[in-house]
Amino acid sequence: MIFSKKKITIAYTVEKCPKCEMLRKRKFLQDDVLFSNSTKCSSCDGITVIEKIFGELMEQ
Amino acid sequence: MNFTNIDFDQLFAMNDDSNPLMMIVWILPIILFVFYGQQIQLFVTSREIKKAIKKLDSFRDESRKELVIYIEQNLKHENNFTKKIDRFLDYFTIMPVDMDPNGIVDKVQHTVRAREDYTREHIKTLSPQINDIELAKVQTLLEIASSLQMIYKIVNHMFLTAKKQNNYPLILPLQMILPFIMEQADAMREAIPAFKNNQPVGDGIGPMVVGKMMLDHKKEIISFQTALAKTDFEGRILYLLKAEGPGSTVGRPADALGKITSENKIDAIIMIDAALKMEGEDSASIAQGFGAAIGGIGTERFQIEDVATKNKIPIFSIVVKQSVKEAITLMTKEIADKADETRLQVYEMIKENTAQGQSIVVIGVGNTVGVPQ
């Protein structure tokens with residue numbers, strides 16, 4: 001127990017481009033809302049949509 | 001008396017039953033455990049319970065502090081709002097008498113809804129310009145802080161009563177149930193950041209599935225904090241229902257269903273919800289079944305079953321299994337990854353169980369925090 005590492009949850013956002021179907025995972029930002037438009041797609045001129053928001057456990 | 005010629009070999013000899021010292025060594029603990037066994041057990045158990053109570057105390061302090069900080073930093077508030085919060089935290093609900101169970105569901109529903117309405121109104125007095133999403137957020141944070149306060153008080157009461165009476169059997173039920181209580185309390189504490197940041201929680205998988213089906217369709221508010229969209233799918237009419245997101249609410253799907261069935265002929269109801277997994281079951285596994293998949297105190301389920309029975313409508317359900325902690329904390333990747341598969345299963349279920357020209361109500365059950373439509 002003394003040597004066990006503390007686990008923290010980090011929130012991630014997955015954006016999906018509706019045009020080229022490209023997925024991009026990034027850290028969650030304060031105003032991110034599911035299904036809303038996010039950023040410009042890095043591989044085409046489409047606007048990405050937030051597909052998922054989830055948390056992953058990380059050891060500190 | 002001469003102490004210099006003691007024969008230690010003889011004194012501690014194990015092979016002689018008549019050795020008086022060895023008899024005392026054996027008999028003393030027996031006497032001790034016979035007369036003071038319960039007190040010793042009480043002492044050992046008390047230490048464990050005290051540690052848990054200390055943890056619960058820190059959880060309730062933390063949740064209160066988080067709520068106060070949130071209001072201070074994000075809302076225009078009155079100067080003495082902390083006093084009001086402390087008063088809210090001690091609010092209790094007295095459930096109706098059930099000696100005569102006739103009409104008990106309506107009474108319970110009335111009591112719970114009256115409490116919710118009261119809380120909402122009083123949050124508005126804390127910050128009159130508050131919007132609906134912030135209001136739902138503060139209400140949820142208040143409920144978490146209030147629940148943690150209540151858990152702490154009950155556990156502490158049970159412990160102190162057992163200590164006061166010096167009664168070991170009285171502490172046993174508490175010792176047995178404590179790990180489950182701690183699991184719930186820990187989950188509630190960890191739920192706070194997700195609700196503060198308006199992020200979807202595990203319980204939101206139902207609204208997430210139905211919310212995506214509702215995108216690009218006209219929505220209307222059919223009952224309190226509940227959204228409806230009417231669409232079609234392979235010759236069938238779909239009535240899609242979910243709590244109005246992205247605020248933290250579960251809506252009133254039973255009221256909405258009652259309204260839909262009173263105006264339309266419905267042939268099937270499909271409910272999508274998160275369900276508690278059994279130990280050993282995989283998290284985020286999908287299961288299908290019959291009957292109303294909806295949690296809570298049971299009033300919504302009663303109403304849905306009542307509507308379905310009166311109108312002879314079959315209820316199908318799809319659940320995504322998860323633990324208590326997963327259900328109320330930030331949605332895990334495993335659960336989020338199952339949203340598309342669950343939606344495909346909903347469409348499959350519609351095709352398998354209904355014919356063209358029929359109407360189906362699809363309800364996404366659960367807290368819709370962070371999930372719009």
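Residues numbered from 1 in each chain as written. Chains lettered and ligands numbered in written order. Predicted model: local features only at pLDDT ≥ 70, side-chain atom pairs only at ≥ 80, totals over all residues.

Further remarks concern the overall build of chain B. Each helix and strand counted, chain B has 12 helices and seven strands in total. Here chain B has a C-alpha radius of gyration of 28 Å; the compact-globule value for 373 residues is 21 Å, and the former is much larger. When its C-alpha atoms are laid out on the principal axes, chain B stretches across 110 × 55 × 45 Å. Each of the 373 residues in chain B was classed as buried or not, and the buried ones make up 36%. (Helix = DSSP H or I, 4+ residues; strand = E, 2+ residues; numbered from the N terminus. Rg over C-alpha atoms; globule rule 2.2 N^0.38 Å. Buried ≥ 20, exposed ≤ 12 C-beta atoms within 10 Å, placed from the backbone.)

Moving on to the environment of Glu244 of chain B. Residues and elements named next belong to chain B. Position of Glu244 among the secondary structure elements: in the loop between strand S3 (236-243) and helix H8 (253-263). A tally of 23 C-beta atoms within 10 Å means that Glu244 is categorised as buried. Separated by 129 residues in the primary sequence, Glu244 and Gln373 place their C-alpha atoms 7.5 Å from one another. Contact partners of Glu244, with chain neighbours within four places excluded, come to Ile221, Gln225, Thr226, Ala227, Thr249 and Gly251. (Contact = placed C-beta atoms within 7 Å.)

All right, on to the nonpolar core then. All names here are of chain B. Ranked by internal contacts, the top residues of the largest apolar core, which has 87 residues, are Leu240, Met271, Val361 and Val362. Per-element accounting of this core gives the leading share, 12 residues, to helix H5 (residues 132-165). When residues of this core are assigned to domains, at least three fall in each of domain 1 (39-196) and domain 2 (202-364). In this structure Met271 touches Ala292, Ala293, Ile294, Ile315, Ser317, Ile363 and Val365, once residues within four positions along its chain are discounted. (Core = buried A, V, L, I, M, F, W, Y, C linked by C-beta atoms within 7 Å. Domains from an automatic or database assignment.)

Glancing now at the packing of H5 of chain B against helix H6 (residues 168-196) of chain B. Residue and element names in this part refer to chain B. Contact geometry for H5 and H6: axes closest at 10 Å, N-to-C directions at 160 degrees. As judged from the angle between their axes, H5 and H6 are roughly antiparallel. Judged by the sense of rotation from one axis to the other, the crossing of H5 with H6 is left-handed. (Axes fitted to C-alpha atoms, helices over the stretch in contact; angles between N-to-C directions. Parallel < 35°, antiparallel > 145°, perpendicular 65-115°, else oblique. Left-handed = near helix turned anticlockwise from the far one by under 90°.)

Here Ile133 of chain B lies in helix H5. Expressed as a C-alpha distance, the spacing of Ile133 of chain B and Gly370 of chain B, which sit 237 residues apart in the sequence, is 9.9 Å.

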